[in-house]
Amino acid sequence: MIQLIVFLPLLAALIAGLGNRAIGNTAAKAVTTGALLVSCALSWPVFIGYLAGDGAATVVPVLQFIHSGDLMVDWSLRVDTLTAVMLVVVTSVSALVHVYSWGYMAEDPSQPRFFAYLSLFTFAMLMLVTSDNLIQMFFGWEGVGLASYLLIGFWYEKPSANAAAIKAFVVNRVGDLGFMIGIFATFMVFGTVSIPAILEAAPGMVGTTIGFAGGRFEVMTVICLLLFLGACGKSAQLGLHTWLPDAMEGPTPVSALIHAATMVTAGVFMVCRLSPMFEASETALTVVTVVGAATALFAATVATVQTDIKRVIAYSTCSQLGYMFFAAGVGAYGAAMFHLFTHAFFKALLFLAAGSVIHAMHHEQDMRYYGALRTRIPVTYWAMIAGTLAITGVGIAGVFGFAGFYSKDAILEAAFASGTEVGRTAFAVGVVAALLTSFYSWRLIFMTFFGPARWTQSEHIQHALHDAHHGEAHGHDHAAVDGTGGYHPHESPLNMLVPLIVLSLGAVFAGFVFVGPFLDAEQGVAFWQGSLSFDAHLMHEMHLVPTWVKLSATAAMLAGLLVAWAAYIRSPDFPAKFVDHFRGLHNFLIHKWYFDELYNLVFVKGGFALGRLMWRRGDQGTIDRFGPDGMSAVVALSSRLNARMQSGYIYTYALLMLLGLAGAAAWLIAS
Amino acid sequence: MNGIPILSIMLLVPMVAALACLYASAGNARRIALGATLLDLALGALMWAQFDVSGAAPQWQFVEFHPIFGRFAWALGIDGIALMLIMLTVFLMPICIAASWQSIQKRVPEYMALFLVVEVLMIGTFSAQDLFLFYIFFEAGLIPMYLIIGIWGGPRRIYASYKFFLYTLLGSVLMLIAMLWMAHEAGTTEIPVLLNHNFPVGAQNWLWLAFFASFAVKVPMWPVHTWLPDAHVEAPTAGSVILAGVMLKLGGYGFIRFSVPMFPQASEALIWVILSLSMIAVVYTSLVALVQADMKKLIAYSSVAHMAIVTIGLFAFNQQGLEGAMIVMLSHGLVSGALFLCVGVIYDRLHTREIDRYGGLAENMPRYALFFMLFTMASIGLPGTSGFVGELLSLMGIYQVSSIATVVCTTGIILGAAYMLYLYRRIVFGALTKPDVKAMPDLSKREIAFLLPIALAVLWMGIYPESFLRPMRADVATLVARVAQAKPIGDAQLAVSTVEPADAGAEGAHQ
């Protein structure tokens with residue numbers, strides 16, 4: 001069964017990818033989508049089994065992999081509660097994205113390639129979540145990286161897409177450096193890379209130190225931080241986040257699947273999977289908390305000034321991943337996974353809905369050229385509203401809430417309840433980020449669906465109008481009146497709307513339905529069954545936090561909504577005034593805290609300059625100059641000198657003979 | 001099976017074919033060469049199938065011993081390490097012949113004959129059990145390669161071939177002197193005996209350095225690598241394939257066959273040389289690769305970086321490091337060979353190696369794009385391809401010796417991704433605008449026929465490396481045991497820390 005779930009997408013990817021133009025669009029799409037629907041249908045019973053609490057962890061061996069000395073690595077598929085959660089997330093979102101792409105990619109010339117990549121991605125992601133050892137996890141880790149690279153650069157004629165794809169791969173590799181060295185250190189310390197064996201031995205390592213790069217540190221701190229570097233790369237945490245916004249160059253369904261719901265959460269999954277290791281190092285957990293909280297805040301601030309609809313959601317993803325990390329950092333792994341679970345639904349929904357908007361607006365992605373779309377694309381509008389209610393965490397405690405209400409509030413409460421200084425700080429930062437989240441989410445809604453239509457300023461729309469109204473004059477008169485330019489956005493086809501509706505259900509109900517098993521102190525222990533470090537005590541403490549803590553998230557949400565409403569509905573000229581007034585701050589945010597500029601200068605320009613220097617000055621200017629070229633020059637010179645001495649004049653030879661004799665005599669006497 | 005001298009036959013087949021080629025027409029020479037190399041591949045496969053990997057098997061198999069004069073003997077025999085490298089050689093040879101099928105039109109019989117001679121010499125080097133037989137095969141390989149570059153090479157072929165010759169010869173003189181001393185000291189030239197001979201510790205450093213001079217050039221290690229980019233750039237495609245695929249492995253083979261087991265104390269004392277040169281090589285040549293405008297030069301520099309991962313693995317003194325180094329060698333042989341073939345494919349169409357002349361090939365050459373992507377990913381070391389297994393093991397091995405070296409060398413995975421993806425992006429991606437590039441046809445059947453086997457081998461080694469690890473396991477274990485025993489007591493600077501739970505002040509993981 002689990003073999004089918006994992007390998008069907010691979011098989012489909014191979015058929016669609018290698019068959020490509022030979023089997024045609026429809027066959028390729030049907031094979032891949034069919035495979036994913038089957039995988040999804042098989043995954044839910046597995047998950048439900050674990051919900052019912054009747055499943056223990058199982059490991060299905062597949063094939064021998066690397067055996068070298070003490071290192072024993074095999075391909076195998078591990079299923080436990082944590083895997084089951086990821087299985088349903090991955091296969092459900094992937095299946096829906098496959099279906100959605102029938103509509104979204106309908107006019108693309110290379111659809112088999114697209115669907116093959118999507119399925120390949122799903123396979124790699126499933127290998128990641130079912131891994132029983134660190135090396136197979138790394139296989140999945142890199143496999144999703146490859147798929148992400150291929151899909152970001154799917155439209156390979158676009159230079160920006162290629163640049164973004166390379167950036168994503170290389171930045172991720174920086175994280176992978178940490179992951180790999182973490183694996184080496186793990187093997188050296190534990191003598192194995194099998195996850196259950198490591199987790200069992202990890203607590204015994206507390207207090208042991210290891211030498212690393214000249215210093216001496218706690219073993220578990222070194223290993224966890226190295227692995228966490230990998231998590232930071234994949235999950236776009238502060239410092240290694242720069243690839244994620246650029247990844248929006250890929251087609252929107254890709255953003256929904258890879259850069260929102262699944263791949264980017266791999267880092268969170270890894271930390272949860274290895275939670276007993278992280279529990280063994282206080283320092284590592286503090287770092288995780290700080291990085292998570294900092295990312296949550298940083299990304300939220302940047303999201304408030306973005307005008308590209310996808311980039312707003314991308315920064316939002318980055319920020320939400322930060323929430324998951326600081327949840328893990330304070331020990332609330334259940335809450336981290338719960339937020340991962342709900343986030344997958346509502347964030348995939350937001351992206352797919354954004355895709356539907358983009359589809360309706362003829363590839364225009366700039367929200368400044370949107371407006372008034374509420375009545376034109378009502379299904380998309382309501383889906384977007386559902387997603388926004390979920391992400392901003394709307395709900396009333398004890399009655400009903402949208403998905404994010406349960407998961408995000410749980411994270412904030414757990415951070416507060418953890419009682420540590422770092423936890424409390426993370427809580428405060430989280431509340432501020434929640435306010436910003438609400439602000440940018442509603443800003444997106446208001447700019448897109450409310451206010452007057454601002455479509456005519458868009459080049460994309462003008463192209464569409466030009467094509468449609470070629471030779472007709474009345475369209476332009478119309479434009480002057482209401483800003484629509486006579487353009488008629490159409491609601492997306494059914495194959496795009498159905499996934500939106502299904503995900504909307506997830507965004508509305510996922511929190512309410514699943515909060516018990518994921519978070520409840522008693523149910524949680526039965527549900528997780530030790531597949532992550534479930535801290536029942538913390539989950540219990542969470543409910544005992546003061547009322548103001550419980551209300552703070554809702555208050556932040558309302559405040560954000562109010563500000564967004566005031567700035568984008570009540571007085572639409574306010575944002576411009578604000579920008580005028582705080583130009584410095586705005587510049588700082590619009591340049592995304594100048595990370596890209598800095599990295600570009602130091603690493604990209606620096607790397608190329610250093611390479612050129614080593615090539616010209618090092619290889620050519622030093623090694624060759626004094627090495628082979630120098631040597632041959634010396635030989636050539638000395639042979640020329642030699643040749644000149646063979647002059648044919650007796651007196652030259654006589655002089656040389658005399659000098660030689662004198663020299664020989666001198667040597668004899670001296671010795 | 002033991003009665004048949006299969007190694008001698010494998011040497012004889014290409015030798016006879018080489019002579020036959022000289023007297024054949026161009027067309028026949030091609031066919032003879034292909035036939036002979038395929039026959040050798042079949043013999044190699046037979047030998048692999050017959051190779052005994054069980055625990056009870058002797059270390060040296062398919063042994064032949066015929067004294068010729070004095071101490072000199074026709075002594076052949078292989079262990080698992082040599083077997084794998086011979087397999088690499090016989091696997092790449094028919095591919096080289098197929099790749100030269102159309103692109104070589106000048107002096108075809110001589111060209112084919114030289115390739116067959118190369119095959120003889122490479123197999124000879126890997127199977128020689130006599131010190132001087134090894135030396136002859138090892139050094140003679142220089143001659144056909146020198147001719148291949150010098151006759152069928154590009155415009156600067158004379159410069160490149162002289163540079164190649166100069167570098168390689170310099171080291172080999174020192175190696176010969178060391179070998180003469182060793183034969184005198186140990187009283188034998190049999191390699192299996194020498195492997196267990198304990199040379200005086202005082203002499204080991206000098207011997208080690210003499211061998212190092214030869215092997216470091218062959219590998220090549222920084223800073224004696226500058227012959228490689230020039231040789232590759234000027235060599236014909238198949239020449240590059242054999243150069244990168246097999247000849248660079250001679251250096252690595254030398255280290256694992258001579259330097260490490262024969263001079264363990266010196267290997268330990270001089271490990272800092274290997275580690276520091278390898279660390280420099282990874283970072284330096286990767287950055288240099290990044291700024292190359294010539295495809296072949298870029299891949300040549302990347303070879304230097306990859307071979308640095310081999311050298312650190314070889315000196316890790318443990319199973320993972322040594323097996324990793326071997327797998328990197330095999331993988332690099334396949335992958336860099338395939339990358340040079342990929343370059344050759346488009347060079348044959350447009351006759352330029354300048355990267356910027358291409359672009360957008362994904363559009364008109366989708367099959368090519370797929371193969372090139374696979375080999376690019378294998379070069380980057382993506383898990384699932386051969387490159388990953390070797391890199392992982394090799395770096396894992398060296399981590400137990402030096403964490404600093406590991407951190408520096410692992411940056412190769414970042415830099416490697418940067419220069420390879422940047423190369424791929426400029427050749428295959430982007431808009432297809434140039435008219436002559438637009439006119440390039442996709443892979444022909446012949447081209448698929450020589451790329452597909454490499455692709456399958458790369459995936460095989462990446463997904464089920466056990467096939468390749470198993471034959472070497474016992475031999476590497478013997479080597480590790482040999483090195484461990486020879487370790488002088490109290491040499492703490494290389495001692496790997498084994499962290500015990502109770503011991504908070506355990507010895508460091510690095511020097």
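> For the overall build of chain B, give the residues involved together with the corresponding values.
The number of helices and strands found in chain B is 23 helices and two strands. In terms of overall dimensions, chain B is globule-like: its C-alpha atoms have a radius of gyration of 22 Å, near the 24 Å expected for 511 residues. By its C-alpha atoms, chain B is 70 × 60 × 40 Å across when sized along the principal axes. Looking at the 511 residues of chain B, the share that counts as buried comes to 68%. Restricting the contact set of chain B to residue pairs at least 6 apart, pairs at least 24 apart contribute 81%. As presented, chain B carries roughly 15,800 Å² of accessible surface, and 67% of it is formed by carbon and sulfur atoms. Distance between charge centres in chain B, computed from 27 positive and 29 negative side chains, equals 13 Å.

> Talk me through the packing of helix α14 (residues 333-360) of chain A against helix α15 (residues 378-392) of chain A; I want residue IDs and the actual numbers.
Residues and elements named next belong to chain A. Close contact between α14 and α15 brings their axes to 9 Å; oriented N to C, the two are set at 150 degrees. Between α14 and α15, the crossing angle belongs to the class labelled roughly antiparallel. Between α14 and α15 the crossing geometry is left-handed. For the pair α14 and α15, the contacting residues are Phe 346, Lys 347, Leu 349, Leu 350, Ala 353, Ala 354, Ser 356 and Val 357 in the first and Thr 380, Ala 383, Met 384, Ala 386, Gly 387, Thr 388, Ala 390 and Ile 391 in the second. In the contact of α14 with α15, the residues fall into 11 nonpolar, four polar and one charged.

> Quick one: what's the story with unusual backbone geometry, residue by residue and with numbers?
Residues and elements named next belong to chain B. At the junction of Val 219 and Pro 220, the peptide bond is cis and its omega measures out at -15 degrees in the coordinates. Structurally, the position occupied by Pro 220 is in the loop between α9 (201-218) and α10 (227-234). A cis amide bond, omega 5 degrees, links Trp 222 with the succeeding residue Pro 223. Position of Pro 223 relative to the elements: it lies in the loop between α9 and α10.

> Which residues make up the pairing of strand β2 (residues 72-78) of chain B, and what values go with them?
All names here are of chain B. Where burial is concerned, most of β2 is hidden: six out of the seven residues are buried. Where strand β1 (residues 61-69) and β2 come together, six bridges link them in antiparallel fashion. Residue pairing in the sheet places His 66 in a bridge with Trp 74 of β2. If you look at the hairpin formed by β1 and β2, you'll find two residues sitting between the two strands, and Gly 70 has a positive phi there, around 55 degrees.

> Describe in detail helix α3 (residues 80-99) of chain B, supporting the description with residues and values.
The terminal C-alpha atoms of α3(B), which comprises 20 residues, lie 29 Å apart, in line with the 28 Å expected from a rise of 1.5 Å per residue. A large share of α3(B) lies buried, amounting to 19 of its 20 residues.

> I'd love a proper account of the nonpolar core, names of residues and values included.
Counting 448 residues, the largest nonpolar core has Tyr149(A), Phe341(A) and Phe375(B) as its most contacted members. If you tally residues by element for this core, the top one is α14(A), at 20 residues. Residues from two domains meet in this core; each of domain 1 (162-591) and domain 2 (597-670) of chain A gives at least three.

> Tell me about the confidence of the model for chain B, residues and numbers included.
Reading predicted coordinates in detail is not appropriate for stretches of low pLDDT. All names here are of chain B. Confidence along chain B averages 87 in pLDDT terms, with 94% of residues attaining 70 or more. Across residues 488-511, where pLDDT falls below 50, the model places 51 contacts with residues more than four positions away in sequence or in other chains. What the predictor reports for the complex is a pTM of 0.91 with an ipTM of 0.91.

> Summarise helix α22 (residues 445-463) of chain B; cite the residues concerned and give the values.
Compared with the 27 Å implied by 1.5 Å per residue over 19 residues, the 26 Å span of α22(B) between its first and last C-alpha is a close match. For α22(B), the complete set of buried residues consists of Glu447(B), Phe450(B), Leu451(B), Ile454(B), Ala455(B), Ala457(B), Val458(B), Met461(B) and Gly462(B).

> Go over the state of the cysteines, please, and point to the residues and values.
Scanning the model with the defined rule gives zero disulfides over all chains in all. Not engaged in a disulfide, the cysteine Cys224(A) finds its nearest cysteine sulfur in Cys232(A); these two sulfurs lie 13 Å apart. No disulfide involves Cys21(B); its sulfur sits 14 Å from that of Cys96(B), the nearest cysteine. Residue class for Cys21(B) comes out buried when judged on its relative accessible area of 0%.

> Any details on a nonpolar patch on the surface? Residues and values, ideally.
On the surface, Val379(A), Ile501(A), Leu505(A), Phe509(A), Phe512(A) and Val513(A) cluster together to form a nonpolar patch covering roughly 520 Å² of accessible area. Per-element tally for the nonpolar patch: the top contributor is helix α20 (residues 494-519) of chain A, with five residues.

> Could you give an account of the pattern of salt bridges, with specific residues and numbers?
One pass over the structure, following the stated rule, counts 22 salt bridges over all chains. In this structure, Lys592(A) engages Asp596(A) in a salt bridge whose closest nitrogen and oxygen atoms are separated by 3.4 Å. An identical accessibility class is assigned to Lys592(A) and Asp596(A); each is buried. Among the salt bridges present, the one from Arg357(B) reaches Asp436(B), with a minimum N-O distance of 2.3 Å. Here the residue Arg357(B) occupies a position in the loop between α15 (319-350) and α16 (361-364), and Asp436(B) occupies one in helix α21 (residues 435-438), the gap between them amounting to 79 residues. Given the relative accessible area of 27%, Arg357(B) is considered partly exposed. Each member of the salt-bridge network shares a partner with another, and the members are Lys167(A), Asp246(A), Arg311(A), Lys592(A) and Asp596(A).

> Lay out the environment of Gly430(A) in plain terms, naming residues and giving numbers.
Residues and elements named next belong to chain A. Along the chain, Gly 430 turns up in helix α17 (residues 421-449). Here the alpha-carbon distance between Gly 430 and Phe 179, two residues 251 residues apart in the chain, equals 27 Å. Ignoring any residue separated from it by four or fewer positions in sequence, one finds Gly 430 in contact with Tyr 323, Phe 326 and Leu 412.

> Before we move on, can you summarise the packing of aromatic side chains with the specific residues and values?
This structure, assessed with the given rule, holds 84 aromatic pairs over all chains. Sitting over the face of the ring of Trp615(A), Arg616(A) holds its NZ or CZ atom 4.2 Å from the ring centroid. In this arrangement the basic side chain of Arg426(B) is found over the ring face of Tyr422(B), its NZ or CZ atom lying 3.7 Å from the centre.

> Describe the interface of chain A and chain B, and please don't skip the residues or the numbers.
Each side of the interface is counted separately: chain A has 64 residues, and chain B has 76 residues. Both sides together, the interface formed by chain A and chain B hides about 6,000 Å², and carbon and sulfur atoms give 71% of it. Seen at the junction of chain A and chain B, the total is one salt bridge. The residue Lys163(B) makes a salt bridge to Asp624(A) at a minimum N-O spacing of 2.7 Å. Our count for the contact surface shared by chain A and chain B stands at 16 residue pairs in polar contact (both at pLDDT 80 or more). Ranked by residues supplied to the side of chain A that touches chain B, first place goes to helix α5 (residues 159-190) of chain A with 16 residues. A class-by-class count of the residues in the side of chain A that touches chain B yields 38 nonpolar, 15 polar and 11 charged.

> Can you tell me about the confidence of the model for chain A, naming the residues and giving the values?
Mean pLDDT over chain A works out to 89, with 98% of the residues at or above the 70 mark. When the criterion is pLDDT under 50, residues 473-480 of chain A qualifies, and its contacts beyond four places in sequence or with other chains add up to seven contacts.

> A description of the pairing of strand β3 (residues 209-212) of chain A should follow, citing residues and the corresponding values.
Residue and element names in this part refer to chain A. Burial along β3 is two-sided: the residues Thr 209 and Gly 211 and Ile 210 and Phe 212 are all buried. Two elements, β3 and strand β4 (residues 215-218), share four bridges in a ladder whose sense is antiparallel. From the neighbouring strand, Ile 210 faces β4, where its bridge partner is Phe 217. Joining the antiparallel neighbours β3 and β4 is a turn of two residues, in which Ala 213 adopts a positive phi near 50 degrees.

> Account for the packing of helix α11 (residues 237-262) of chain B against α15(B), with residues named and values stated.
When two helices pack together, their arrangement is given by the angle between the helix axes and the distance between those axes. Residues and elements named next belong to chain B. Direction vectors running N to C along α11 and α15 enclose 170 degrees, while the axes themselves pass 7 Å from each other. The angle between the axes of α11 and α15 places the two elements in the roughly antiparallel class. Where α11 crosses over α15, the two elements pack in a sense that is right-handed. Across from Thr 237, Ser 240, Val 241, Ala 244, Gly 245, Leu 248, Lys 249, Gly 252, Tyr 253 and Ile 256 in α11, the residues of α15 making contact are Leu 322, Met 326, Met 329, His 332, Gly 333, Ser 336, Gly 337, Phe 340, Leu 341 and Gly 344. A class-by-class count of the residues in the contact of α11 with α15 yields 10 nonpolar, nine polar and one charged.

Thresholds applied
- Residues numbered from 1 in each chain as written.
- Chains lettered and ligands numbered in written order.
- Predicted model: local features only at pLDDT ≥ 70, side-chain atom pairs only at ≥ 80, totals over all residues.
- Heavy atoms only, no water.
- Helix = DSSP H or I, 4+ residues; strand = E, 2+ residues; numbered from the N terminus.
- Rg over C-alpha atoms; globule rule 2.2 N^0.38 Å.
- Buried < 20%, exposed > 50% of the residue type's maximum accessible area, 1.4 Å probe, protein only.
- Contact = heavy atoms within 4.5 Å.
- Areas by Shrake-Rupley, 256 points an atom, 1.4 Å probe, with all protein chains shown as cover.
- Lys, Arg positive; Asp, Glu negative; His and termini not counted.
- Charge placed at Lys NZ, Arg CZ, Asp CG, Glu CD.
- Axes fitted to C-alpha atoms, helices over the stretch in contact; angles between N-to-C directions.
- Parallel < 35°, antiparallel > 145°, perpendicular 65-115°, else oblique.
- Left-handed = near helix turned anticlockwise from the far one by under 90°.
- Nonpolar A, V, L, I, M, F, W, Y, C, P; charged D, E, K, R; others polar.
- Pairing = 2+ DSSP bridges.
- Expected span 1.5 Å × (residues − 1).
- Core = buried A, V, L, I, M, F, W, Y, C linked by side-chain atoms within 4.5 Å.
- Domains from an automatic or database assignment.
- pLDDT = per-residue confidence, 0-100.
- Disulfide = S-S within 2.5 Å.
- Patch = residues over 30% accessible without salt bridge, like charges linked within 9 Å, V, L, I, M, F, W, Y side chains within 5 Å.
- Salt bridge = Lys/Arg side-chain N within 4 Å of Asp/Glu carboxyl O.
- Phe/Tyr/Trp six-rings, centres within 6.5 Å; stacked < 30°, edge-to-face > 60°.
- Lys NZ or Arg CZ within 6 Å of the ring centre and 35° of its normal.
- Buried area = accessible area lost by both parts, 1.4 Å probe.
- Polar contact = N/O pair within 3.5 Å; in protein donor to acceptor, adjacent residues only side chain to side chain.

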